[in-house]
2 protein chains.
Amino acid sequence: MTDQAGRDREAVSKFVEGFAAQLVEAGMQRMPARVFAALLASDDGVLTSAELGEQLRISPAAVSGAVRYLSQTHMVSREREPGSRRERYRVHSDQWYEALTNREAILKRWAYALREGVENLGADTPAGRRLAETQAFFEFIDGEISLMMDRWRVHRDQVFGEGRRPAEDP
Amino acid sequence: MTDQAGRDREAVSKFVEGFAAQLVEAGMQRMPARVFAALLASDDGVLTSAELGEQLRISPAAVSGAVRYLSQTHMVSREREPGSRRERYRVHSDQWYEALTNREAILKRWAYALREGVENLGADTPAGRRLAETQAFFEFIDGEISLMMDRWRVHRDQVFGEGRRPAEDP
DNA sequence: CCTTAACTTCACAAATTTCTGAAAGAAGCG
DNA sequence: CGCTTCTTTCAGAAATTTGTGAAGTTAAGG
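Each chain has its residues counted from 1, following the order in which its sequence is written. Lettering for chains starts from A, numbering for ligands starts from 1, and both go in the order in which the items are written. At least 70 in pLDDT is required for a residue's local features to be given in this predicted model, at least 80 for side-chain atom pairs to be given and counted, and no such filter applies to totals for whole chains, interfaces and linings, which use all residues. Neither water nor hydrogens contribute to the side-chain values; these are computed over all heavy atoms in the structure.

Our next topic: the packing of helix 6 (residues 104-121) of chain A against helix 1 (residues 9-25) of chain B. Angles shown run from 0 to 180 degrees and are taken between the N-to-C directions of axes, each axis being a line fitted to C-alpha atoms and, for helices, limited to the stretch in contact. Each helix is a run of H or I in the DSSP string that is no shorter than four residues. Each strand is a run of E no shorter than two, and both are numbered from the N terminus. It is at 10 Å that the axes of helix 6 of chain A and helix 1 of chain B come closest, and there the two elements cross at 170°. Judged on the interaxial angle alone, helix 1 of chain B and helix 6 of chain A are roughly antiparallel. Facing A:Arg109, A:Trp110, A:Ala113, A:Leu114, A:Gly117, A:Asn120 and A:Leu121 of helix 6 of chain A, the residues of helix 1 of chain B in contact are B:Ala11, B:Val12, B:Phe15, B:Phe19, B:Gln22, B:Leu23 and B:Glu25. Charged means Asp, Glu, Lys or Arg here, nonpolar means Ala, Val, Leu, Ile, Met, Phe, Trp, Tyr, Cys or Pro, and polar covers whatever is left, Gly included. Grouping the amino acids of the contact of helix 6 of chain A with helix 1 of chain B by side-chain chemistry returns nine nonpolar, three polar and two charged. Comment on the angle field: the value is read as roughly parallel under 35 degrees, roughly antiparallel over 145, roughly perpendicular from 65 to 115, and oblique elsewhere. In what follows, residue pairs with any heavy atoms lying within 4.5 Å of each other are defined as contacts.

Quick look at the structure:
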């Protein structure tokens, strides 16, 4: 029962494809999106490369590419069980949406490009002022996001209970 | 001087292409990104279709497509000066990043897909619980974002001064 | 060590996306 | 009203992206 055995494959697949489609809509590549959704919908949040390939009907190469992207962006972590050559990919509930909000790296680059623009166009020009305000916006957001995540953790512990966290890795 | 005349075209172009590249990196299509960056860097935040085409070296068709996307996502508004058949496209500083955070629509769709997943997989299964927590996260974020924008407006008025707003449309 | 099971990399074919020129469609202006 | 100027739509060429099979690489286990 800890495996796919007793589960409604139809329902899982429907969720996986539907949620992946939404992720794609938001700009994520197709394969990473599908792999990620599959992990989210798995019982333990862990699947092997072979399981992913079979469930999604994609080649090992596709799994490899998708997982590389997902681990680079810290949405999924890879583990290898000692004494096996199977690799296992895991989604940690907390870790992954922390990663999602770590578009911070992107915000930083935007802010940098804008600062350059202000310098080159002149801070006293209309365009320069517009860019400066935009830059200030991103810096503001950047700071707010980490505060928001702090509040989320408090909120989550209130709603879902605090004791559950260590149980996630059985 | 209110036109491109006295401006450093080189500097403008450098900013436009650099910032557009960052937007593309974050998932925006190329042409919308370039058009948007060009508007940001323009003196009045307003450019005509022809000006955009000339500055970016793209066809009228490309401008049309890019602008359609940008106005659908409320990042740019289109106006037609009465008595002219030239259309003008404007970026309102405030309006556009409000639009950016209005990924709310996306968050809503994600939350919906997740809720369906919880129902179909069962709220009492491990996967169901994971999905439920993720759903709760997005709902939390969704609420926080509008509060954050409120704080931003206060912050902005403190830093940039309050009186400047009506001056934006001379 | 050699074998074998697994993952990764690479070159290419297929599918998709992107941008253009050309034609069609609006809307001012005489 | 018809001419003219601008914008939009559309079909297709070009470029990019995507996913695969096959070869290459790593590491476990005899």
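Still more to cover.
What follows is about the protein's contact with DNA strand D. Note on terminology: near, applied to a residue and a molecule or strand, indicates that one of the residue's heavy atoms is within 4 Å of it. Taken together, the neighbourhood of DNA strand D is formed by 22 residues, with A:Met31, A:Ser59, A:Gly83, B:Arg78 and B:Arg85 sitting nearest. For DNA strand D, the backbone portion of the atoms within 4 Å of the protein, that is sugar and phosphate, comes to 82%. With respect to DNA strand D, the side chain of B:Ser49 contributes an N or O atom lying 3.4 Å from a phosphate oxygen. Any pair of nitrogen or oxygen atoms within 3.5 Å is treated as a polar contact; in protein, a donor-acceptor pairing is required on top of that, and neighbouring residues in sequence qualify only through side-chain atoms on both sides. Contact between DNA strand D and B:Arg68: a phosphate oxygen at 3.1 Å from a side-chain N or O atom of the residue. Elements with a minimum of two residues in the surface near DNA strand D: helix 2 (30-40) and helix 4 (60-72) of chain A together with helix 4 (60-72), strand 2 (77-80) and strand 3 (87-90) of chain B. Across the surface near DNA strand D, the residue classes break down as seven nonpolar, five polar and 10 charged.

All right, on to the environment of B:Val63 then. Residue and element names in this part refer to chain B. Tracing the sequence through the fold places Val 63 in helix 4. Linking Val 63 and Ser 49, residues 14 residues apart in sequence, is a C-alpha distance of 6.5 Å. Among all residues touching Val 63, those that are not within four sequence positions of it are Ser 49, Leu 52, Gly 53, Ile 58 and Tyr 89.

Turning to the relation of the copies chain B and chain A, a few remarks are in order. Once turned by 180° and shifted 0.0 Å along the axis, chain B lies on chain A with an RMSD of 0.1 Å. Both copies of the chain, as the preceding transformation shows, are related through a two-fold rotation axis. Measuring from the rotation axis to each C-alpha of chain B, the shortest distance belongs to B:Gly27, at 2.6 Å. A shared interface surface links the copies, since 100% of the contact residues of chain B are contact residues in chain A too. Superposition of the copies used a least-squares fit over C-alpha atoms from residues whose pLDDT is at least 70 in both.

All right, on to the sheet that holds strand 2 of chain B then. Residue and element names in this part refer to chain B. An order of 1-3-2 is seen for the three strands of this open sheet, with the pairing classed as antiparallel. The open sheet has two edge strands with one neighbour each: strand 1 (46-48) and strand 2. When the angles between neighbouring strand axes are averaged without regard to direction, this sheet yields 30°. Examined bridge by bridge, strand 2 and strand 3 share four bridges and lie antiparallel to one another. The partner of Arg 80 across the bridge, within strand 3, is Glu 87. Contacting strand 1 and strand 3, helix 3 (residues 49-56) runs over the sheet at an angle of about 85° to strand 1. A pair of strands counts as paired when DSSP detects no fewer than two bridges linking them.

These results come straight from atomic positions and should not be treated as a statement about function.
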